[in-house]
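Report on the structure
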Number of protein chains: 2
Amino acid sequence: MASQCNRQGNPLYFPSKQPSHRDEVKRLHLTAEQQVAALQQRYLGAVYDRLHHVVPQDADGTYPMLRYHLGWEEADGTPSSTSGGKALRPVLCLMACEMAGGDWHQALPAAAALELVHNFSLLHDDIQDRDITRRGRATAWTIWGIPQAVVAGNAMRVAADRSLTQLADSGLSAPTTIAASRMLTQRYMEMIEGQYLDMSFEESGEVTTAQYLDMIGRKTGALIQSAMYMGALIATGDTRSAEAIGQCGRGLGLAFQVWDDYLGIWGDPAVFGKPVGSDIARKKKSLPVVHVFQQIRGADRQRLLQIYSAPEIQGADVETVMAMMAEAGTDRYVREIALTQSQQALEPLSGLGISDDIRRQVTAMAEFFVTREK
Amino acid sequence: MASQCNRQGNPLYFPSKQPSHRDEVKRLHLTAEQQVAALQQRYLGAVYDRLHHVVPQDADGTYPMLRYHLGWEEADGTPSSTSGGKALRPVLCLMACEMAGGDWHQALPAAAALELVHNFSLLHDDIQDRDITRRGRATAWTIWGIPQAVVAGNAMRVAADRSLTQLADSGLSAPTTIAASRMLTQRYMEMIEGQYLDMSFEESGEVTTAQYLDMIGRKTGALIQSAMYMGALIATGDTRSAEAIGQCGRGLGLAFQVWDDYLGIWGDPAVFGKPVGSDIARKKKSLPVVHVFQQIRGADRQRLLQIYSAPEIQGADVETVMAMMAEAGTDRYVREIALTQSQQALEPLSGLGISDDIRRQVTAMAEFFVTREK
């Protein structure tokens, strides 16, 4: 860690600079993490059963790519011990169903659909960003090539549709099934608009923090919004409470992504699995980068522009950018945005008759989203 | 044309070899073409209205790519005079709705959805096949790059979903709306499986004609099947007649694609817009190529393998392959398959109470599919 110091010789990352924040975060985090783990334990078996049910088991064709990407199999078709990700969207969908007083089992087709839509977008994102690893494994396009990986993404998306149409089989009324599907389509359209904006931001020069937050609201927030909206709608058919619970989801999605951006620079390498400053090295235009570009002036700004004009950013330059972020208060800014978003996410729930138990769960989720270390 | 002769010195293409077939085709074609044109004239204004309604008009973002691909705009956003394609899937969907005794206006959301799903697949296909022109213009990925074109395809697909959810607004019952959507999902999954197989065939060595026909049944037949199924289902809600009419669609789709493969080699360059033998030059593994590989033996086979092992196939080798096809009777074989498929496509309709007028229209469509020159 000795080399990772800023120009004042202080370590660049939060341990020494914000001990009180970190301690508090640790304390909150443990409780929140335990509660979220309990929720996951409650739902995930049924979610995975449903996912295995809708993704075809064919030995040939495009489906082995899907099972590989989902972490169920290796590229040669043998079983994999890879973790399949956090499955947050299904968990939030099922929790929202319970928040609105429903039986979460009825929302399982929607929960599985959300996980598949999310994984569809990851498959295509990996191609677009030319990312070569995901969850510690080679990305699908690096194994099967871009054309096949594009098709695998499309197949993942149609598996999601397939799951969603099964809502009607679980006894849900046809109009509510249509309303759920319509909401997913609408939010999914926003997600694609967000992906487009994300790519344009990577190419364009200046992006404001407001533009950036709007983009991630679409790219990440919209799908989580539809997760919680659908869960609530399935419970009651009542669109008013589903709207409020959906708004909570959008806020949580934003908070989740901002914290992801935080971890992408200041995450603990031993836990987060990526080197400190990794999003700088990757030249990813995440919120910290957008913020430092917006704040910095004069010679430092010229230096920053020069660093970002190179095709890759190397170790010493990563440290320089991190030092500029420290001066601009970027880490504090990003943490505060994450925290504010996660708190504001709970506001739309205030008028709803949600049990104390479930309210504790969603609060834990909101805390977990902005305290998690990976 | 002098250079385009086979080893016996005869012209390679059908004019001199099958005059009677061609004359009959000409005669049938004129009538069929006029009837299909009348159908298109009847429906297409409303289809385009609907398409313009569901594809967002935003000046920025991903949507200008969609409007470019659809032939409505140029890359700089100015209006385009390009033809947007044949819109066969919407026409077949609306015709099927009338076949089953319905009001075709009610099927417009499905018709528009089908055209968008089809164009979504073309956008991604162009990337996968690295095709640089479509309908005489640069393909989207050559202008905006692969990542943006992948996103544009996804946005096209979600515009399709958006259109489909509007079925319920046109007074269709919710269960029928769900059944239509479910069928589209199922056939769309087949279409993706077909795309996967198509790509694997391009990479693999031997493909039988049976495997090839199975592949195009999925890649092209399945979506046309769902077009006619949905049109019929929307008319009556009766799944039995919709199944039969859908089966007709699958056969028509197969016939259409086989004839496309025929035109890809023996099409009239002045009408079809591509040089004679173009699918050979492109090394496309279409039905004629699959057939000649399956038929040819001995030294000719070695020569064929050698020609296809080169990265590109040049003029003289294209002629050699066409001469081999002439010897193997490939042109006759492909025409017969197309004709048989188009005739068999009408069989499932026999038990249904379809008016003579509509029966003439679908027969004209079946004839047009295997006699068209472009």
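Please read these numbers as outputs of a predicted model, since none were measured by experiment. (Residues numbered from 1 in each chain as written. Chains lettered and ligands numbered in written order. Predicted model: local features only at pLDDT ≥ 70, side-chain atom pairs only at ≥ 80, totals over all residues.)

With respect to the overall build of chain A
- For chain A, the count of helices and strands is 17 helices and 2 strands.
- Against the 2.2 N^0.38 benchmark of 21 Å for 374 residues, chain A shows a C-alpha radius of gyration of 21 Å, consistent with a compact globule.
- Considered along the principal axes of its C-alpha atoms, chain A spans approximately 65 × 50 × 35 Å.
- Within chain A, buried positions represent 50% of all 374 residues. (Helix = DSSP H or I, 4+ residues; strand = E, 2+ residues; numbered from the N terminus. Rg over C-alpha atoms; globule rule 2.2 N^0.38 Å. Buried ≥ 20, exposed ≤ 12 C-beta atoms within 10 Å, placed from the backbone.)

So, the environment of His69(B)
All names here are of chain B.
- Here His-69 is to be found in helix 3 (residues 63-69).
- Judged by C-beta crowding, with 26 C-beta atoms within 10 Å, His-69 ranks as buried.
- Considering only alpha carbons, one finds His-69 and Phe-120, 51 residues apart in sequence, at a separation of 9.4 Å.
- Setting aside its immediate chain neighbours within four residues, His-69 contacts Asn-119, Leu-123, Ala-140 and Ala-152. (Contact = placed C-beta atoms within 7 Å.)

Things to note about the interface of chain A and chain B
- Taken together, the contact between chain A and chain B spans 31 residues of the former and 31 residues of the latter.
- Tallying contributions element by element places helix 8 (residues 174-203) of chain A first for the side of chain A that touches chain B, with 14 residues.

Things to note about the relation of the copies chain A and chain B
- Superposing chain A onto chain B takes a rotation of 180° combined with a translation of 0.0 Å along the rotation axis, leaving an RMSD of 0.1 Å. Both copies of the chain, as the preceding transformation shows, are related through a two-fold rotation axis. Every residue of chain A has its C-alpha some distance from the rotation axis, and the shortest such distance is that of Ala174(A), at 2.7 Å.
- Looking at the interface residues of chain A, 100% of them are also at the interface in chain B, so both copies use one shared face. (Least-squares fit on C-alpha atoms with pLDDT ≥ 70 in both.)

Some words on the packing of helix 9 (residues 209-236) of chain A against helix 10 (residues 239-266) of chain A
All names here are of chain A.
- Packing of helix 9 against helix 10 brings their axes to within 6 Å, and their N-to-C directions diverge by 145°. By crossing handedness, the relation of helix 9 to helix 10 is classed as right-handed.
- Split into classes, the residues belonging to the contact of helix 9 with helix 10 amount to 15 nonpolar, 12 polar and 2 charged. (Axes fitted to C-alpha atoms, helices over the stretch in contact; angles between N-to-C directions. Left-handed = near helix turned anticlockwise from the far one by under 90°. Nonpolar A, V, L, I, M, F, W, Y, C, P; charged D, E, K, R; others polar.)

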